[in-house]
Amino acid sequence: MEEMKEIVRDYVIQEYVEDDTEVNFDTPLISGGIVDSFSMVSLKRFLENKYKISIPDDKATPEAFDSVHKIVDLVNDFLK
Amino acid sequence: MAYPDKTRTMFTEVLEGIKEAGLFKQERFIHSSQAADIEVEFPTGASLKKVINICANNYLGMSSHPEVIKAAHAGLDSHGYGMSSVRFICGTQDIHKKLEEMVTEFLGTEDTILFPSCMDANAGVFEALLTKDDVMISDRLVHASIIDGIRLSSAMHDTFKHSDMEHLESKLQLHQNRRLKVVITDGVFSMDGDTAKLDEMVKICEKYDALLLVDDSHASGFIGKTGRGTHEQYGVMGKIDIITTTFGKGLGGASGGCVSGRRELVELCRQRARPYLFSNTIAPPIVAGVIKVLEILSASTDRRDKLERNTEFWRDGLCDAGFVLKPGDTPIVPVMLFNAKLAQNFSRDLFEEGIYAIGFFFPVVPQGQARIRTQISAGHEMHHLEKALEAFKKVGAKYNILGKSKQEIIEMYGM
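Residues numbered from 1 in each chain as written. Chains lettered and ligands numbered in written order. Predicted model: local features only at pLDDT ≥ 70, side-chain atom pairs only at ≥ 80, totals over all residues.

Turning to the overall build of chain B, a few remarks are in order. Looking only at helices and strands, chain B has 16 helices and 14 strands in total. Computed over the C-alpha atoms, the radius of gyration of chain B is 22 Å, within 12% of the 22 Å expected from 2.2 N^0.38 for a compact globule of 415 residues. Its C-alpha atoms give chain B principal-axis dimensions of roughly 60 × 55 × 55 Å. The buried share of chain B, reckoned over its 415 residues, is 47%. In chain B, the share of contacts with a sequence separation of at least 24, taken over all contacts with a separation of at least 6, comes to 71%. (Helix = DSSP H or I, 4+ residues; strand = E, 2+ residues; numbered from the N terminus. Rg over C-alpha atoms; globule rule 2.2 N^0.38 Å. Buried ≥ 20, exposed ≤ 12 C-beta atoms within 10 Å, placed from the backbone. Contact = placed C-beta atoms within 7 Å.)

Pasting the structure below:
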């Protein structure tokens, strides 16, 4: 769980953050303007490839992707 | 009719919210034609003030060019005021076809289709060409009209970091199994004034079998040695699959836009693009005006050459005065102030000095990147630029930002 949080946070920083904005596990990603809703697709693809899961489009909502914590919860739902 | 008080109150509160957030936009009424010297009523009801305009997209000074006005008058007389029809019913005149052919030749493409605006071109092109099996990969700083067009398409959408070619390549690898991959960029980015690296982008797109779409609205007519656009500047004419551009900036400044590119793609837009199918095209006098603009620009590069010299003078002058600028070589020269309030006050003080330039701040530009965006024109004479420069120096000195670094300005005024 902790490892997954680190992996997701590292990906978010590498993919989306272009300045010194800090990202913790609860930082609002979509509503905070760090990840725009258009760019969510690469995050979804990353999670699907990394964890060998398939996230249906209706579950990949801006709300479900709005923080590292929420993303990890979502991934865990599909790992069960 | 159903507009009860509670509905009015609801919308009034929305407007109040916009005002409280400092995002309420107010128009300034110009009582003259568009030019370097304009007469402005601001605030509303105030007496007219003569100011120098350095925030128009009138890059080539064609908006009030006497030959263009004369041609538009002639077009009005010969072809009428409007068509009262969309193109495919009874809204296409010989001059519409002529303009499409002239744009094709000017941009060095295979075919062209006119749209009522470039906003409409961008709104129509993606939906017309792409399906859910395709992917659109856009630079993160593309213009809002492209974002709206992308939203209307069923194709998947992804983005790459601004002008980051490695990131673009990684995205093309990620989406390599898609039927079509379309890479999307502005030629000149309107807020920063930098250009897309089209030479590198063409190579990457060829490597991954991707189409390349460039919105050249802030380039057509003056970027490149003969003003054909960013594709000329980067030596890739004939290699851009789709160019969208406007006639509302350098190419006359009235209205209208187009999609220009591969023959089949343009034809598919003619069959499917909704802003083309369900809206009247460009009105005859404007078509006649744009034809004249293209004739003038094809005959001589004098105007784009003057614009280049003006831009160099302006950029060097601001730089020598100690302002922080966004780097670049286009006529869009952003003077960075970082703080939104400072940008607003700076603009107000410039206006008092007789210079019309607008402050831009979040959400139009990212938080902490407030600026005055200046735009230079071939319609500016040296005395305009010298006066504007003096005004910038005076206001810059008032706020003590001349010679100060980004960090020092932020320390004084915050972000």
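Turning to the packing of helix H4 (residues 94–107) of chain B against helix H12 (residues 284–299) of chain B, a few remarks are in order. Residue and element names in this part refer to chain B. Running from amino to carboxyl end, H4 crosses H12 at an angle of 30°, the nearest separation of the two axes being 10 Å. Here H4 lies roughly parallel to H12, going by the angle between them. Handedness of the H4/H12 crossing: left-handed. Listed contacts from H12 to Ile95, His96, Lys98, Leu99, Met102 and Phe106 of H4 are Pro284, Val287, Ala288, Val290, Ile291, Leu294 and Ser298. Residues of the contact of H4 with H12, tallied by class, amount to 10 nonpolar, 2 polar and 1 charged. (Axes fitted to C-alpha atoms, helices over the stretch in contact; angles between N-to-C directions. Parallel < 35°, antiparallel > 145°, perpendicular 65-115°, else oblique. Left-handed = near helix turned anticlockwise from the far one by under 90°. Nonpolar A, V, L, I, M, F, W, Y, C, P; charged D, E, K, R; others polar.)

Turning next to the domain arrangement of chain B. Considered domain by domain, chain B is made up of domain 1 (66–299) and domain 2 (302–413). Partitioning the side of domain 1 of chain B that touches domain 2 of chain B into residue classes produces 5 nonpolar, 6 polar and 2 charged. (Domains from an automatic or database assignment.)

Moving on, we come to the pairing of strand E8 (residues 211–215) of chain B. Residue and element names in this part refer to chain B. Of all 5 residues making up E8, 5 are buried, and the element is well covered by its neighbours. Burial along E8 is two-sided: Leu211, Leu213 and Asp215 facing one way and Leu212 and Val214 facing the other are all buried. With 5 bridges connecting them, strand E7 (residues 181–186) and E8 associate as parallel partners. By the bridge assignment for E8, Thr185 is matched with Val214. This β-α-β element, E7 to helix H8 (residues 198–207) to E8, shows right-handed connectivity. As paired strands, E8 and strand E9 (residues 242–246) are joined by 3 bridges and run parallel to one another. The residue of E9 that forms the bridge with Leu213 is Ile242. (Pairing = 2+ DSSP bridges. Right-handed = clockwise from strand over helix to strand, strands pointing away.)

A few words now on the interface of chain B and chain A. Facing 7 residues of chain B, the contacting portion of chain A comprises 6 residues. No other element matches the 4 residues that strand E6 (residues 156–160) of chain B contributes to the side of chain B that touches chain A. Looking at the side of chain B that touches chain A residue by residue, the classes come out as 2 nonpolar, 2 polar and 3 charged.

Our focus in this paragraph is the pairing of strand E3 (residues 49–53) of chain B. All names here are of chain B. Where strand E2 (residues 37–41) lies against E3, 4 bridges are found, and the strand directions are antiparallel. Looking across to E3, one finds that Ile38 is bridged to Val51. Sheet topology places E3 next to strand E12 (residues 355–356); 2 bridges connect them, and they run parallel. Note that in E12 the partner of Asn53 across the bridge is Tyr356.

Right, let's get into the sheet that holds strand E13 (residues 359–360) of chain B. Residue and element names in this part refer to chain B. Reading across the sheet, the 3 strands line up as E11-E14-E13 and stay open at both edges, with antiparallel pairing between neighbours. Both outer strands of the open sheet, strand E11 (332–338) and E13, are each paired with one neighbouring strand and no more. As paired elements, E13 and strand E14 (residues 370–375) share 2 bridges and run antiparallel to each other. Bridging across to E14, Gly359 finds its partner in Ile372.

Turning our attention to the sheet that holds strand E10 (residues 257–261) of chain B. Residues and elements named next belong to chain B. Across the sheet, 7 strands lie side by side as E4-E10-E9-E8-E7-E5-E6; this open sheet has mixed pairing. A single partner strand is all that each edge strand has here, and the edge strands are strand E4 (111–115) and E6. Pairs of neighbouring strands in the sheet enclose a mean axial angle of 20°, with direction left out of account. Sheet topology note: the E4/E10 ladder contains 5 bridges and is antiparallel. Directly across from Phe115, in E10, lies its bridge partner Gly257. On top of the sheet, helix H6 (residues 144–151) reaches strand E5 (135–139), E6, E7 and E8; it is set at about 165° to E5, its chief contact.

To continue, consider helix H3 (residues 68–79) of chain A. Residue and element names in this part refer to chain A. The terminal C-alpha atoms of H3 lie 16 Å apart, and with 12 residues this matches the ideal 16 Å at 1.5 Å per residue to within 8%. Those residues of H3 not exposed but buried are Val68, Ile71 and Leu74. Considered in projection along H3, the buried side chains sweep an arc of 125° and stay on one side of the axis. Exposed positions of H3 whose direction lies more than 90 degrees from the buried face are Asp73 and Asp77. Buried residues belonging to H3 abut helix H1 (2–16). (Expected span 1.5 Å × (residues − 1). Arc of directions from axis to C-beta.)

Our next topic: the confidence of the model for chain A. Considering every residue of chain A, the mean pLDDT works out to 88; 100% of them sit at 70 or more. Mean pLDDT in chain A bottoms out at helix H2 (residues 40–51) of chain A, which sits at 89, and peaks at H3 of chain A, which reaches 92. (pLDDT = per-residue confidence, 0-100.)

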